[in-house]
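Examining the three-dimensional arrangement
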Amino acid sequence: MSTYTNYAKTALHTTVAGLAVWAGLYLLLTGRGERFNVGGYLLRISPYMWGVYGISFCIGLSVVGAAWGIFIAGSSILGGAVRTPRIATKNLISIIFCEVVAIYGVIMAIVFSAKLGAVSSEGGFSKSDYYTGFSLFWGGLAVGLANLICGLAVGITGGNAAVADAHDQQLFVKILVIEIFGSVIGLFGLIVGLLVTGKAEDFAGVI
Amino acid sequence: MNEIYFNADAGYLEGVVRGYRDGLITAPQYMNLTQCETMDDLKLQLATTDYSSFLQNEPSPISTSTLSARCTDALVAEFQYLQQNSAEPISKFLEYITYGYMIDNVILLITGTLHERDTHDLLEKCHPLGFFDTMPALCVATNVQDLYNTVMVDSPLAGYFRECLSAEDLNELNIEIIRNTLYKAYLEDFYSYCQSCGEPTASIMAELLKFESDRRTVNITINSFGTELSKDDRAKLYPRLGNMYPEAQTKLARTDDMDQVKAILEQYGDYKRMILGANMNASSDGTSGSDMSLEDIFFANEVQLNKDSFEQQFHFGVFYSWLRLKEQEIRNIVWIAECISQQQKDKVNKYTPIY
């Protein structure tokens, strides 16, 4: 099984590298080298794109983090509960902490998407619109990444808490304290997201 | 980074195995067991443990061998639950654990066939965890070449026979050599497989397998005093891993008596501490002057290493450790049962405590 994935990986890497080299040499050797302009490309991206990318990262990465954490904690809880059924109800707290991470993502996505709107001015996008686009992108990415890592942390600690609780009841509350510290990371992401997009105004166009 | 994807395949089973570990008999329960007067009392006390469902249908005057067989059935049932619910990385690991039992079964069948025992009796005595498809066909083999070509080449043990094929025929001494050579190849293979599993499985299993290898080295040395096994043959049986590989193994290959073995063991800090209060005679009958024999010390150290592997989560070592601890528990129960049934209550406390 692993040899096939290795073959597939090598094939993929070779294809991508080959295409990149071919495209680069084509542009260079036909005198069109200046068309490869990363800075110019970035400047031409519309603020809609930046803003909506940010919102997608926000909700997408948060949900990945929450789901990852839930499966890590959940499988350990299931395994431990086979012999010690009493742990099942108490350890749902770990699952709830992971779920909260996804809720942070949803809240921020709603707050961010309130700033979106169609621009119908003849002058195009204003400088304030560009600022809104950029701040939504980086704010959303901050929230998404923080929630991803938070979900993982809470999930791993939740798994530890489940097996420790199955062995000795008094350990649960002590490990829960560690979990709470872990879930605070997601809250930090939320706060930073709000701060970064705090001064961004809704899309309005050149007035 | 192992923690973020370990639970995808083995999280449930790890929780289950930790539950099994929580069911091991603790010190207060051992106290109760040692104070039983008869086998029926013992059976009553065991009804509060995980063995209850296997013992309750036995008719009342229960013998030690039945007790041992039923306890082993409990162990096998638990292990087979794990195997049946396992997926790829963990199922390979559990299979590797069963290869050790397969080797024992193969040797049992060959020895029994040599002494012309009945096939069905032999198959009943085989350990259930080491059962593989072509095992019953072993009873027709008469020399190692036949054995390999007809039976073993399809079994998981095929690779371990490479070093044995030079043994010409199957007599008593050669069978022991075959057993030890197979087990040596198995340990080395298991070790390299665990190293390929990544951290923390690699380091925890390395600890356990190295100790197993050291222990086998010492046992082979001690058991070969006074036999016709040459020193070179003895050196070929030592597994090529462990703290004693390679220097102490070359020294041990040339020793002739227990004092030299003791001197070599004392060069290792861990073993020096362990053999401090020991009776270095090979038997484990525990005569009055000393506390523990060398075998008992090795068992106690193995129990300690296996308990330590439960301190970390998200690795495969817990499956191996639980199995070893459970076997030790069954040995303890059988010891206590023998002491009770033979009315030798003064030796009843010489089991190896676990928790």
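One can find the structure itself at the top, above this paragraph.
The model shown is predicted, which means the values in this text are computed figures rather than measured ones. (Residues numbered from 1 in each chain as written. Chains lettered and ligands numbered in written order. Predicted model: local features only at pLDDT ≥ 70, side-chain atom pairs only at ≥ 80, totals over all residues. Heavy atoms only, no water.)

Focus: the overall build of chain A
Defined as follows: Strands here mean DSSP runs of E at least two residues long; helices mean DSSP runs of H or I at least four residues long; both are numbered from the N terminus. Our radius of gyration looks at C-alpha atoms and nothing else; its globule reference is 2.2 Å times the residue count to the power 0.38. Here the term buried applies to any residue with accessible area under 20% of the maximum for its type, exposed to any over 50%, and partly exposed to those in between, with areas from a 1.4 Å probe on protein chains only. The contact criterion used is simple: two residues touch if any of their non-hydrogen atoms lie within 4.5 Å. Residue-level accessible areas treat just the shown protein chains as cover; the underlying method is Shrake-Rupley with a 1.4 Å probe.
Along the backbone of chain A there are seven helices and zero strands. In sequence order, the secondary structure elements of chain A are arranged as α-α-α-α-α-α-α. For chain A, whose C-alpha radius of gyration is 23 Å, the value lies well above the compact-globule estimate of 17 Å for 207 residues. In terms of overall dimensions, chain A has C-alpha extents of about 70 × 55 × 20 Å along its principal axes. Residue burial in chain A is summarised as follows: out of 207 residues, 39% are buried. Looking at chain A alone, contacts between residues at least 24 apart form 85% of all its contacts between residues at least 6 apart. Accessible surface, chain A as shown: approximately 11900 Å² in total, 73% of it carbon and sulfur.

What to know about a nonpolar patch on the surface
Residues and elements named next belong to chain A. Heads up, the condition is: Note on patches: the residues involved have over 30% relative accessible area and no salt bridge, like charges join within 9 Å, and the nonpolar side chains Val, Leu, Ile, Met, Phe, Trp and Tyr join within 5 Å. Think of a salt bridge as a Lys or Arg side-chain nitrogen and an Asp or Glu carboxyl oxygen that are within 4 Å of each other.
On the surface, a nonpolar cluster with roughly 470 Å² of combined accessible area is contributed by Ile185, Leu187, Phe188, Ile191 and Leu195. The residue Phe188 is located in helix α7 (residues 171-196) in this model. The exposure class assigned to Phe188 is exposed, which follows from its relative accessible area of 52%.

What to know about the packing of helix α5 (residues 64-84) of chain B against helix α16 (residues 317-341) of chain B
All names here are of chain B. Put simply, the rule reads: Fitted lines through C-alpha atoms give the axes, limited to the stretch in contact for helices. The angle between two N-to-C directions lies from 0 to 180 degrees. Any angle from 65 to 115 degrees is called roughly perpendicular, while one under 35 is roughly parallel, one over 145 is roughly antiparallel, and all others are oblique. Left-handed describes a crossing whose near helix is turned anticlockwise from the far helix through less than a right angle; right-handed describes the clockwise counterpart. Under the convention adopted here, Pro, Cys and the residues Ala, Val, Leu, Ile, Met, Phe, Trp and Tyr are nonpolar, Asp, Glu, Lys and Arg are charged, and Gly plus all remaining residues are polar.
The geometry of α5 relative to α16 is characterised by a closest axis approach of 9 Å and an angle of 165° between their N-to-C directions. Regarding the angle of α5 to α16, the classification is roughly antiparallel. The hand of the α5/α16 crossing is right-handed. Mapping the contact onto sequence places Thr64, Leu67, Ser68, Cys71, Thr72, Leu75, Glu78, Phe79 and Leu82 in α5 and Phe319, Trp322, Leu323, Lys326, Glu327, Ile330, Ile333, Val334, Ala337, Glu338 and Ser341 in α16. When grouped by side-chain class, the residues that make up the contact of α5 with α16 number twelve nonpolar, four polar and four charged.

Here we look at the nonpolar core
Heads up, the condition is: Each nonpolar core is a collection of buried residues, namely Ala, Val, Leu, Ile, Met, Phe, Trp, Tyr and Cys, held together in the definition by side-chain atoms within 4.5 Å.
Judged by nonpolar contacts, the single largest core of 115 residues is most densely connected at Leu42, Leu67, Phe93, Met152, Phe190 and Phe319 of chain B. With residues up to four places along the chain from it excluded, the contact list for Met152 of chain B reads Val106, Phe132, Leu138, Leu147, Leu157, Ala158 and Phe161 of chain B. Within the second largest apolar cluster, nine residues are counted, among which are Met108, Phe112, Val143 and Leu190 of chain A.

Side note on the interface of chain B and chain A
Frequently, the measure chosen for interface size is the accessible area removed from exposure when the parts meet. For clarity, the threshold we go by: Two parts placed together each lose some accessible area under a 1.4 Å probe, and adding up what both lose gives the buried area. For the purposes of these results, a polar contact is taken to be a pair of N or O atoms within 3.5 Å, where, inside protein, one atom must be able to donate a hydrogen and its partner to accept one; residues adjacent in sequence count only when each atom of the pair is a side-chain atom.
With 17 residues of chain B in contact, the opposing surface of chain A contributes 17 residues. Here chain B packs against chain A, burying approximately 1400 Å² in sum over the two surfaces, 59% of which is carbon and sulfur. Considering only the side of chain B, the residues that lose the most area to chain A are Ile4, Asn7 and Gln313 of chain B, jointly responsible for 36% of the buried surface there. In this assembly, chain B and chain A are joined by one salt bridge. Where chain B packs against chain A, one counts ten residue pairs in polar contact (both at pLDDT 80 or more). When grouped by side-chain class, the residues that make up the side of chain B that touches chain A number six nonpolar, six polar and five charged.

Regarding the packing of helix α5 (residues 92-113) of chain A against helix α6 (residues 127-167) of chain A
Residues and elements named next belong to chain A. Across the interface, α5 lies against α6 with an axial gap of 8 Å and an inter-helix angle of 175°. By the angle between their axes, α5 is roughly antiparallel relative to α6. Within the contact between the two elements, α5 uses Ser94, Phe97, Cys98, Val101, Tyr104, Gly105, Met108 and Phe112 and α6 uses Leu136, Gly139, Gly140, Val143, Asn147, Cys150, Gly151, Val154, Gly155 and Gly158. Along the lines of polarity and charge, the residues of the contact of α5 with α6 split into ten nonpolar, eight polar and no charged.

Quick notes on the side chain of Lys43 of chain B
Residue and element names in this part refer to chain B. Our working rule: Under the convention used here, Asp and Glu are negative, Lys and Arg are positive, and both His and the chain ends fall outside the count.
Of note, Lys43 is situated in helix α3 (residues 39-46). Salt bridges are absent for the buried Lys43, whose nearest opposite-charge side chain, Asp40, sits at 5.8 Å. Residue contacts for Lys43: discarding those within four places in its chain leaves Leu55, Gln56, Glu58, Pro59, Ser60 and Ile62.

Some remarks on unusual backbone geometry
All names here are of chain B. Cis geometry marks the peptide bond from Glu199 to Pro200, where omega comes out at -10°. Note that Pro200 resides in the loop between α9 (172-196) and α10 (201-223). Here the bond from Tyr245 into Pro246 is cis, since omega is -5°, no more than 30 degrees from zero. If you trace the backbone, Pro246 turns up in the loop between α11 (231-237) and α12 (247-253). The phi angle at Glu116 is positive, at roughly 60°, despite the residue not being glycine.

As for helix α1 (residues 3-22) of chain B
Residue and element names in this part refer to chain B. Note the following rule: By this rule the span expected of a helix is its residue count minus one, scaled by 1.5 Å. A residue's bend is given by the angle between axes fitted to the 7 residues ending at it and the 7 residues starting at it.
When the terminal C-alpha atoms of α1 are compared, their 22 Å separation across 20 residues is substantially less than the 28 Å that a helix rising 1.5 Å per residue should span. The largest bend in α1 amounts to roughly 75° and is located at Ala10. Burial analysis of α1 places 14 of its 20 residues in the buried class, the great majority of the element.

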